[in-house]
Amino acid sequence: MMNVFQQIQEALQYAFIQRAIIAGCFMALGCSFLGVFLVLRRFSLIGDGLAHVSFATVAIGLLLRAQPMVVSIPLVGLASLVILKLNEKARVYGDAAIGLVSSFGIALGVIIASTAGGFNVDLFSYLFGNILSVSSFEVWMTVVISLLVALAIVLFFHDLFAITFDEEYAYVSGIKVKMVNKILILLTSFIVVLGIKIVGTMLVSSLIILPAVSVLQIVKSFRATIAIAGVFAVVSVVIGIFASYVLNLPSGATIVMINFIFFIAAFLYGRIKG
Amino acid sequence: MSIIEVKNLTVKYRGIEALSGVSFEAHTADYIGIVGPNGSGKTTLIKALLELVPYEGKIYFSGRDLSLLTKEKHIGYLPQKISFLDQRFPATAKEIVVSGVYCCKKFPKHLSQDDYRAAEEAMGILGISNLRDRPIGRLSGGQQQRVLLARALVHRPEILILDEPTIALDPQSRQAFYETVQKLNKENKVTVLLVSHDIGSVGKYASKLLYLDRQLIFYGTFEEFCKSPEMTDYFGSGQHNICHRH
């Protein structure tokens, strides 16, 4: 009987595990970086809302016999801008705007699935995702989008910091608040679409929320919060993939559970440390 | 020449006039207390000066139209702290103070050693250098307000706009805050516009009072306010109470 170390060595020889680790790590970095800003701005559930919208866009992609990711990225991006506009212009609270667009997305997805038929199994596989089945194309997409997120955060770091702390003051300081908000929310929509392949529609928001919330329990500086959230997220993905392989568990759910364990540990450490 | 000139300023929210036909001038190193009852348009006036709300009329800064200026370089702003400050926000006092220089930076913003020196200097002026590495959420209300004032001062603005800055402070911190602002006004020649409910306290420090009630009711010194027969007619015995307390 192989020990755990041997099992991990064996797993690393498989190309699908290698792809899963690369895609998962880049996804974790992108989600956790964005998550810090979204959580602090009380917009963390946007991941959940956009994932629900992507359920509908994946259905549209399958209906049109097109690559679901290619159909989803522009449509979910559009939905994210609608949420932003509803929040800004229609005086709908942020969480209500997310709920509004997300329920529309789910309803549309269910209607398309029930009327078109024939692809329900494919569609419902996106509910829980499967990181072990990511294609090379999806790996590249994830790497590119995550690098774009990192680049945007480097270029707009000071603007994002100012807007996150005090949006009105940021505007008075001459920061282009609306443009930066659009960039933030569009990048979130792209990363969510890619995330549903990895952990599924049901769990993708956890990749955004959990690393940020965990780090906020223990870190008091802004730069450190972003950096350590990235470390927590990557370590969770790597441990999650190997744990799911060794214990024969669903990978997406295992990654989320590891993230949750990090949260509990950070919470307890934060309480003990005061 | 006046540093701020407001001409016939009107602000409407969904067709209802929050401010109507307000005109006044402020000169360099004036300390203007903007006072009035709830809903009188004090914060609306400030928001118009900061171009946070659409307005009719003209606002000139040193003779130039405000809408044509990069106003952020000339104005330091201290919003109502209590309305936004997240006690769990992961940032140190120094990170918050240095963010005050973002207004004067071009994309992509990069902070230099000079910016950090300016932040240290602003913290020194406000006596909060010892708090630089403390998380903002762990500071007392008075300390947080000084951090936000340091942020407003770090780019050395000519005008300081303060919106109800002492609303969450205890009486001791409130007096210390007023004294700090007065010192900045007198020693650094910063023009101050301070919104407050409390005419008595503002009157003690401000060189001029601007009383609003959706329109300009009074603009002049505290002494003129107390001697004004129009204000006696307007306030009745209230005027005596305000001036007597002062």
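What you see is a predicted model, and the numbers here were worked out from it, not measured in a lab.

> Please set out the overall build of chain B residue by residue, giving values where relevant.
Helix and strand counts for chain B come out as 9 helices and 10 strands. Against the 2.2 N^0.38 benchmark of 18 Å for 246 residues, chain B shows a C-alpha radius of gyration of 18 Å, consistent with a compact globule. Taken over the C-alpha atoms alone, chain B extends approximately 55 × 40 × 35 Å along its principal axes. Buried positions account for 45% of the 246 residues belonging to chain B. Here the analysis covers contacts within chain B between residues at least 6 apart in sequence; of these, 67% occur between residues at least 24 apart.

> Report on the overall build of chain A, specifying residues and quantitative values.
A count of helical and extended segments in chain A gives 13 helices and 0 strands. Overall, chain A shows an N-to-C arrangement of helices and strands of α-α-α-α-α-α-α-α-α-α-α-α-α. What you see for chain A is a C-alpha radius of gyration of 19 Å, in line with the 19 Å of a compact globule of 274 residues. Referenced to the eigenvectors of the C-alpha coordinate spread, the extents of chain A come out at roughly 65 × 55 × 30 Å. Expressed as a percentage of its 274 residues, the buried residues of chain A come to 52%. For chain A, contacts bridging at least 24 residues in sequence account for 75% of all contacts bridging at least 6.

> Tell me about helix H1 (residues 42-49) of chain B, residues and numbers included.
H1 of chain B sits mainly inside the fold: 7 of its 8 residues count as buried. Where H1 of chain B ends, the next residue or the one after it, Glu51 of chain B, has phi of about 60 degrees, a positive value.

> Hey, could you go over the sheet that holds strand E2 (residues 16-26) of chain B for me, with residue numbers and the actual values?
All names here are of chain B. A sheet is described by the order of its strands in space; here 4 strands give the open sequence E2-E1-E4-E5, paired in antiparallel fashion. Strand pairing shows two members of the sheet lacking a second neighbour, E2 and strand E5 (64-65), which therefore form its edges. Here strand E1 (residues 4-13) runs beside E2; their pairing, made up of 7 bridges, is antiparallel. The residue of E2 that forms the bridge with Leu9 is Val22.

> Report on helix H5 (residues 171-188) of chain B, specifying residues and quantitative values.
All names here are of chain B. Here H5 contains 18 residues, and its C-alpha end-to-end distance of 25 Å stays within 8% of the 26 Å for a straight helix at 1.5 Å per residue. All of the buried residues along H5 are Arg174, Phe177, Tyr178, Val181 and Asn185. The buried side chains of H5 occupy one side of the element, clustering within an arc of 100 degrees when seen end-on. Opposite the buried face of H5, by more than 90 degrees, sit the exposed residues Gln172, Glu179, Lys186 and Glu187. Buried residues along H5 sit against strand E3 (31-35), helix H4 (141-153), strand E7 (159-163), strand E8 (191-195) and helix H6 (199-205). In the stretch just after H5, Lys189 is the one whose phi turns positive, near 55 degrees.

> Break down the interface of chain B and chain A for me, with residues and values.
The partner chain A presents 21 residues to the 21 residues of chain B that form the contact. Class assignment for the residues of the side of chain B that touches chain A results in 13 nonpolar, 3 polar and 5 charged.

> Tell me about the environment of Thr221 of chain B, and please be specific about residues and values.
Residues and elements named next belong to chain B. Relative to the elements of secondary structure, Thr221 occurs in the loop between strand E10 (216-220) and helix H7 (222-227). As a C-alpha pair, Thr221 and Val98 span 123 residues in sequence and 35 Å in three-dimensional space. Excluding its chain neighbours within four sequence positions, the residues that come into contact with Thr221 are Ser207 and Lys208.

> Go over the domain arrangement of chain B with me, naming the residues and quoting the values.
All names here are of chain B. For chain B, the assigned domains read domain 1 (1-74 + 159-246) and domain 2 (85-157). Relative placement of domain 1 and domain 2: their C-alpha centres are 25 Å apart. Contact residues are listed per partner, giving 12 residues for domain 1 and 9 residues for domain 2. Mapped onto the side of domain 1 that touches domain 2, the elements with two or more residues apiece are E7 and H5. In terms of residue count, the dominant contributor to the side of domain 1 that touches domain 2 is H5 (4 residues). Looking at the side of domain 1 that touches domain 2 residue by residue, the classes come out as 7 nonpolar, 3 polar and 2 charged.

> Explain the environment of Pro68 of chain A to me, and be specific about the residues and the numbers.
Residue and element names in this part refer to chain A. With respect to the helices, strands and loops of the structure, Pro68 is situated in helix H4 (residues 68-88). Taking the C-alpha atoms as reference points, Pro68 and Ser214, 146 residues apart in sequence, are found 32 Å from one another. If sequence neighbours within four positions are ignored, Pro68 has contacts with Val58, Gly61 and Leu62.

> Give me the sheet that holds strand E9 (residues 208-212) of chain B: which residues, what numbers.
Residues and elements named next belong to chain B. Across the sheet, which stays open at both edges, the 6 strands sit in the order E6-E7-E8-E3-E9-E10 with mixed pairing between neighbours. Across the chains shown, the open sheet's two edge strands, defined by having one partner strand only, are strand E6 (75-78) and E10. On average, each strand axis in the sheet is inclined to that of its neighbour by 15 degrees, with strand direction left out of account. Strand direction decides the pairing type here: E3 and E8, joined by 4 bridges, are parallel. Paired with Gly33 across the two strands is Leu194, which belongs to E8. Of the strands in this sheet, E3, E7, E8 and E9 touch H1, which is tilted by about 145 degrees from E7. Of the strands in this sheet, E3, E7 and E8 touch H5, which is tilted by about 155 degrees from E8.

> Describe in detail the pairing of E6 of chain B, supporting the description with residues and values.
All names here are of chain B. Here E6 shows a buried face lined by Ile75 and Tyr77 and a second buried face lined by Gly76 and Leu78. Two elements, E6 and E7, share 4 bridges in a ladder whose sense is parallel. Across the sheet, the residue bridging to Gly76 is Leu160, located in E7.

> Now, about unusual backbone geometry: what can you tell me, with residues and values included?
All names here are of chain B. Look at the link from Phe107 to Pro108: it is a cis peptide, with omega at -10 degrees. Secondary-structure assignment places Pro108 in the loop between helix H2 (93-98) and helix H3 (113-125). Phi at Asn8 takes a positive value of approximately 50 degrees, unusual for a residue other than glycine. Phi at Arg14 is positive, roughly 50 degrees, even though this residue is not glycine. Overall, the presence of 5 C-beta atoms within 10 Å leaves Arg14 in the exposed class.

The rules behind each value
- Residues numbered from 1 in each chain as written.
- Chains lettered and ligands numbered in written order.
- Predicted model: local features only at pLDDT ≥ 70, side-chain atom pairs only at ≥ 80, totals over all residues.
- Helix = DSSP H or I, 4+ residues; strand = E, 2+ residues; numbered from the N terminus.
- Rg over C-alpha atoms; globule rule 2.2 N^0.38 Å.
- Buried ≥ 20, exposed ≤ 12 C-beta atoms within 10 Å, placed from the backbone.
- Contact = placed C-beta atoms within 7 Å.
- Pairing = 2+ DSSP bridges.
- Expected span 1.5 Å × (residues − 1).
- Arc of directions from axis to C-beta.
- Nonpolar A, V, L, I, M, F, W, Y, C, P; charged D, E, K, R; others polar.
- Domains from an automatic or database assignment.
- Axes fitted to C-alpha atoms, helices over the stretch in contact; angles between N-to-C directions.

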